[in-house]
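Examination of the molecular architecture
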Amino acid sequence: MCIVSGYVTDIDTQTPLLIRTARDVHAVLAEHGSRGTRTRAIIVLALGGIFMDAYDFSSIAFGITAIKQQFGLDGFMTGFVNAAIMIGAVVGALLGGVLVDRFGRYKLFMADMVFFVVAAIGCAFAPHVSVLIVFRFIMGLGVGLDLPVAMAFLAEFSKLTGSGSRAQRVNAWSPAWYIATGFGYLVVLVVFLLLPYDQHAILWRIVVGFGAVPALVVLIVRRRYLAESPQWLAEQGDLRGAVDVMRTHHDLNVQLAPDAATIGRAGRSGHWRNIGELFSRRYRLRTLAALSVSVFSTIGYNAVAYGTPLIISLLFLQSEMVTIVSALVINLVFGAVGGILSVVTVNRAGARRLTLLGFVVQAASLFVLAAVGVPTGALVVVALAMLAAFVFAQSLGPGANLMSYATLSYPTRLRGVGVGFNQAVQRSFSILSLLFFPVLAAAVSTNVFWLLGLAPLVGAIAIALIRWDPTGKDVDQEDDAA
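Quick caveat: nothing in here was measured; it's all calculated off a predicted structure.

Assigned secondary structure in the chain consists of 23 helices and four strands. Put simply, the chain has 482 residues, and 61% of those count as buried. For the chain, contacts bridging at least 24 residues in sequence account for 83% of all contacts bridging at least 6. Accessible surface for the chain amounts to roughly 17600 Å². Of this, 68% is attributable to carbon and sulfur atoms.

In structure tokens:
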């Protein structure tokens, strides 16, 4: 049963449910938004975009040592190669956040995979570090554009509560991210074993270039199954288009009412000034909470996750094979399992509680790594276990829920801007961590973990003080009532 335009109606009766306003669309989808095989296909496609984001971010991580040697880079330039994708992601997120609210989810979703294909091929054949940096920047543009639209699709093609809820499907980005990262290291392992030793210098080129293949697959499949978000269409006043998608993709028995509203609310979305609304009285604390989760989780994560090969090989002094296998297991097992647990438990535990737990475990694991120092003997196992615990806690808590906070704290008309702005700030801090982690690691060795451990500690304090949890909140109904 659901309430539409003041009437209680059963969606499964033979009589079509009449849609009169955008509020009706929001109400029906809040209760029934996860129905239909095509809806599930769109969720998979959205996660396919996340898969590409993660693969492109992590694919160069193992090869950074070879890149450093091949191009004769110092610590700063090594960090800059890593950070170039983040700089592109900042620009892409700011643009994508506004554009996805203004022009729709479908158009942006169809366009961003092109960036991945071009950038992957360009990076693979880069003859000079400057060319590599340019294509890493282009790759970042694709990531920045993709995340706001992917999160919007995950939220807007899901119902509010229960199995298949918005919180669950948005959190599904976390296991998708770690599976993609683990897949990247699996590709590294396969190429490492098959490639003659004297050709290992091109290993990173093969791995990065391979990213064009799944990007092309996702691009082709999207053309067949993708549809515009009915909630976004309703916000633009296109109730007929919204009803059509609800019927074809959600399998809902709905019909446009003869007296349906024909005036849209397009003027309320898709403008730069909407970033300012994120700090209005209603949304200020939500925005601060979302930024706290993103910023304080990303500082440690970018250093530890993207720097895992560097940590294991240079700080822990382990072999190349140990480095590959350890990074593979840490991401594919601990990261993916933590993300799956987040999806399973978020409806019951809530995003805030999981985030707090994750931050505490992360801080503890980093402080233990700092106390261990350069591990020898059995302490190597302890050090690797702490890296695994950090990644597990990230995927269970702040890593999964940073998207919940950024996506589910705002209504449809602000969702793209909310995710885009959050991602732009997050990636700005990512740039700093990627630039300075190699420098700090070279200067102070494992003592760098004392500094990194402060980030999740401060994050835990911030979330403990800000008592906002986006899980199960009907922010569209709240916006309609304003």
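Picking up where we left off.
Along the polypeptide, Val 217 turns up in helix 10 (residues 212–225). Its relative accessible area of 47% is what places Val 217 among the partly exposed residues.

Okay, the pattern of salt bridges next. As a working rule, side chains carrying opposite charge can pair if their charged atoms are close by. For the structure on display, the rule yields eight salt bridges. The residue Glu 478 makes a salt bridge to Arg 286 at a minimum N-O spacing of 2.7 Å. Of this pair, Glu 478 sits in helix 23 (residues 475–481) while Arg 286 sits in helix 14 (residues 284–304); the two residues are 192 residues apart in sequence, bridging distant segments of the chain. With relative accessibility at 8%, the residue Arg 286 sits in the buried group. The closest approach of N and O atoms between Arg 415 and Asp 476, which form a salt bridge, is 4.0 Å. With Arg 415 in helix 20 (residues 412–444) and Asp 476 in helix 23, this residue pair connects regions lying 61 residues apart in the sequence. Residues Arg 415 and Asp 476 agree in their burial class; the two are buried. One continuous salt-bridge network, built from bridges that share partners, spans Asp 101, Arg 105, Glu 156, Arg 415 and Asp 476.

A word on a nonpolar patch on the surface. Together, Phe 76, Phe 429, Leu 432, Phe 436, Val 439, Leu 440, Val 444, Leu 451, Leu 454, Leu 457, Ile 461 and Leu 465 make up a nonpolar patch on the protein surface, roughly 1100 Å² of accessible area in all. Of all the elements in the fold, those that place two or more residues in the nonpolar patch are helix 20 and helix 22 (454–465). Broken down by element, the residue count for the nonpolar patch peaks at six residues, all from helix 20. Mapped onto the elements of the fold, Val 439 is located in helix 20. Assessed through its relative accessible area of 36%, Val 439 is described here as partly exposed.

Looking now at unusual backbone geometry. What is expected of a backbone is that most residues other than glycine have negative phi and most peptide bonds are trans. Of note in this structure, Asp 251 is not a glycine but carries a positive phi near 55°. As for its position among the elements, Asp 251 is in the loop between helix 12 (239–248) and strand 4 (254–256).

Between its first and last C-alpha, helix 18 (residues 379–396) extends 25 Å over 18 residues, near the 26 Å set by a 1.5 Å rise per residue. Among the residues making up helix 18, those that are buried are Val 380, Ala 383, Leu 384, Leu 387, Ala 388, Phe 390, Val 391, Ala 393, Gln 394, Ser 395 and Leu 396.

With that out of the way, let us pick up the packing of aromatic side chains. Taken as a whole and judged by the stated rule, the model has nine aromatic pairs. The interplanar angle of 50° and the centroid separation of 5.6 Å between the aromatic rings of Phe 51 and Phe 183 together place this pair among those described as tilted. Pair noted here: Phe 51 is in helix 2 (residues 37–58) and Phe 183 is in helix 8 (residues 173–194), with a separation of 132 residues, a long-range link. Owing to a relative accessible area of 22%, Phe 51 belongs among the partly exposed residues under this scheme. Put simply, the rings of Phe 51, Tyr 55, Phe 183 and Phe 210 pair up and form one aromatic cluster. Residue placement shows Arg 286 over the ring face of Trp 468; its charged tip is 4.2 Å from the ring centre. Its end group placed over the ring of Trp 468, Lys 473 keeps NZ or CZ at 5.4 Å from the ring centre.

Structurally, Gly 300 can be placed in helix 14. For Gly 300, a relative accessible area of 1% corresponds to the buried category. As for Gly 300 and Gln 362, which are separated by 62 residues in sequence, their C-alpha atoms are 8.5 Å apart.

Rules of the game
Residue numbers restart at each chain and count upward from 1, following the sequence in its written direction. The predicted origin of the model limits local features to residues at a pLDDT of at least 70 and limits the giving and counting of side-chain atom pairs to 80 or more, whereas totals for whole chains, interfaces and linings rest on all residues. Computation of side-chain values covers all heavy atoms of the structure but excludes hydrogens and water. Elements are defined by DSSP. Helices are runs of H or I of four residues or more, strands are runs of E of two residues or more, and each kind is numbered from the N terminus. Exposure categories follow from relative accessible area, calculated using a 1.4 Å probe and restricted to protein chains: below 20% of the type maximum is buried, above 50% is exposed, and the middle band is partly exposed. It only takes one pair of heavy atoms within 4.5 Å for two residues to be counted as in contact. Here the accessible surface of atoms and residues is derived via Shrake-Rupley with a 1.4 Å probe, and residues count as covered only by protein chains that are part of the display. Every case where a carboxyl oxygen of Asp or Glu lies within 4 Å of a side-chain nitrogen of Lys or Arg is listed as a salt bridge. Without a salt bridge and with relative accessible area above 30%, a residue can belong to a patch; like charges are then joined within 9 Å and nonpolar side chains (Val, Leu, Ile, Met, Phe, Trp, Tyr) within 5 Å. A helix's residues, less one, multiplied by 1.5 Å, set its expected span. The aromatic pairing rule takes the rings of Phe, Tyr and Trp, using the six-membered ring of Trp, and pairs them if the centres are within 6.5 Å, calling planes under 30 degrees apart stacked, those over 60 edge-to-face and the rest tilted. Placement of a charge over a ring requires the Lys NZ or Arg CZ to be within 6 Å of the ring centre, with the centre-to-atom vector within 35 degrees of the ring normal.

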